[in-house]
Amino acid sequence: MKYAFQGQTYVFSTSCLDVLSSNRQRTFLAKEIGGQLFARFEEGAIVVEVATVTSGRSRRTRFGFWPDREAERQDIARLFKDGLHYIGDWHSHPEPCPSPSGTDLGKMRDIFNQSEHQLHAMLMVIVGQTTFPNGLFVGAVTASAVESLHPVA
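Residues numbered from 1 in each chain as written. Predicted model: local features only at pLDDT ≥ 70, side-chain atom pairs only at ≥ 80, totals over all residues. Heavy atoms only, no water.

Q: A description of the pairing of strand E2 (residues 8-12) should follow, citing residues and the corresponding values.
A: Taken together, the four bridges between strand E1 (residues 2-5) and E2 define a ladder with antiparallel strand orientation. Bridge pairing links tyrosine 3 to tyrosine 10 in E2. As consecutive antiparallel partners, E1 and E2 are separated by two residues, and within that stretch glutamine 6 has a phi angle of approximately 50°, a positive value. When E2 meets strand E4 (residues 45-51), the two strands line up parallel, connected through three bridges. Bridge assignment links phenylalanine 12 to a residue of E4, and that residue is valine 48. (Pairing = 2+ DSSP bridges. Helix = DSSP H or I, 4+ residues; strand = E, 2+ residues; numbered from the N terminus.)

Q: Any chance you could break down helix H2 (residues 69-80) for me, citing the residues and the numbers?
A: Here H2 is twelve residues long and its end C-alpha atoms lie 16 Å apart, about the 16 Å a rise of 1.5 Å per residue gives. All of the buried residues along H2 are Ala71, Glu72, Asp75 and Leu79. Considered in projection along H2, the buried side chains sweep an arc of 100° and stay on one side of the axis. Check the buried side of H2 and you find it contacts strand E3 (34-42) and E4. The N-cap of H2, judged by a side-chain oxygen 3.0 Å from the amide nitrogen of glutamate 70 a few residues on, is aspartate 68. (Expected span 1.5 Å × (residues − 1). Buried < 20%, exposed > 50% of the residue type's maximum accessible area, 1.4 Å probe, protein only. Arc of directions from axis to C-beta. Contact = heavy atoms within 4.5 Å. Polar contact = N/O pair within 3.5 Å; in protein donor to acceptor, adjacent residues only side chain to side chain.)

Structure (structure tokens):
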């Protein structure tokens, strides 16, 4: 799947989409889960190759996910050694076609503003219960806003 924002193309690898899809909240009792997104920068595209699942001391409820930030920092350092760059976060929602909450929007703007990076935008991905692309929210996060992106050919 491909998405575009301000002249930049984001391409999600099959393995990345497989991780996201396998973590949908398919049952009533399923808890939210999440992780980070890592990419390689190629000519004309940012290829999102890896979606991690944050472990450690993360807290999960049906309607909330609070990641273990230390575990996430360790993932960033480990994957950077393999040439992968942190470009955003993902988490699940217990709704068919997900949309970000006010808390989601605020958290991602904070991450964008507090992270050391040279990105025009970071990604916020929310995984819903429906199959993709309808069950996937992809947002481009900048210092002041989150813009919903739609798949492109």
